[in-house]
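# Residue-level structure breakdown
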Amino acid sequence: LALLSWFSVMNIPLGFLTVILAHITFSISYVILTVGSRLGGFDRALDDAARDLGASETQILVKITLPLLGPSLFASFLLSFLLSFDDFLITFFVNGAGSDTLPIKLYTFMKIGITPKLNALATLMWSITAVVLYISFRSPAFRTTLKGESE
């Protein structure tokens, strides 16, 4: 309701833009916490060593900083995507005409009644989730994380 009030005060018409702004506002805190925790343990000596060896700032960013921040950036992307995908209320309040997202459409379908289309969509979503989990659990990064926690 606060975002709806804010958009009303700012005279921003409700639509796809307000849905995007609301989801960014909602998700940015999770990104800041996830990436910020990784930056807290970031070793700046690696950047200094790269500068001493003649690397440019762009090379340091691409070859050192981003690979070290990669897992936290990926985790924050997944967390933000899943929270955004699942969040019905924010979308319901700041949604304008013609800017329905999947949760809004699912809600509409469920009010009408369970259809084969809804069952197929649920099966597709479950299958995609299972494949992503399988790939994640088989990844070396996941095994390294578990190995690091057990030590």
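How each quantity is defined
- Residues numbered from 1 in each chain as written.
- Predicted model: local features only at pLDDT ≥ 70, side-chain atom pairs only at ≥ 80, totals over all residues.
- Heavy atoms only, no water.
- Core = buried A, V, L, I, M, F, W, Y, C linked by side-chain atoms within 4.5 Å.
- Buried < 20%, exposed > 50% of the residue type's maximum accessible area, 1.4 Å probe, protein only.
- Helix = DSSP H or I, 4+ residues; strand = E, 2+ residues; numbered from the N terminus.
- Patch = residues over 30% accessible without salt bridge, like charges linked within 9 Å, V, L, I, M, F, W, Y side chains within 5 Å.
- Areas by Shrake-Rupley, 256 points an atom, 1.4 Å probe, with all protein chains shown as cover.
- Salt bridge = Lys/Arg side-chain N within 4 Å of Asp/Glu carboxyl O.
- Contact = heavy atoms within 4.5 Å.

As a further point, take the nonpolar core. One finds Phe7, Val19, Ala22, Ile90 and Val94 forming the largest nonpolar core, which totals 5 residues. Every element with two or more residues in this core is listed here: helix H2 (16-40) and helix H5 (89-94).

As a further point, take a nonpolar patch on the surface. On the surface, a cluster of nonpolar side chains totalling about 510 Å² of accessible area is made up of Leu1, Leu89, Phe92, Phe93 and Tyr107. The element best represented in the nonpolar patch is H5, accounting for 3 residues. Mapped onto the secondary structure, tyrosine 107 falls in helix H6 (residues 102-112).

Tracing the sequence through the fold places threonine 65 in helix H4 (residues 57-86). Apart from residues lying up to four places away in sequence, threonine 65 is in contact with Phe42, Asp47 and Ile60.

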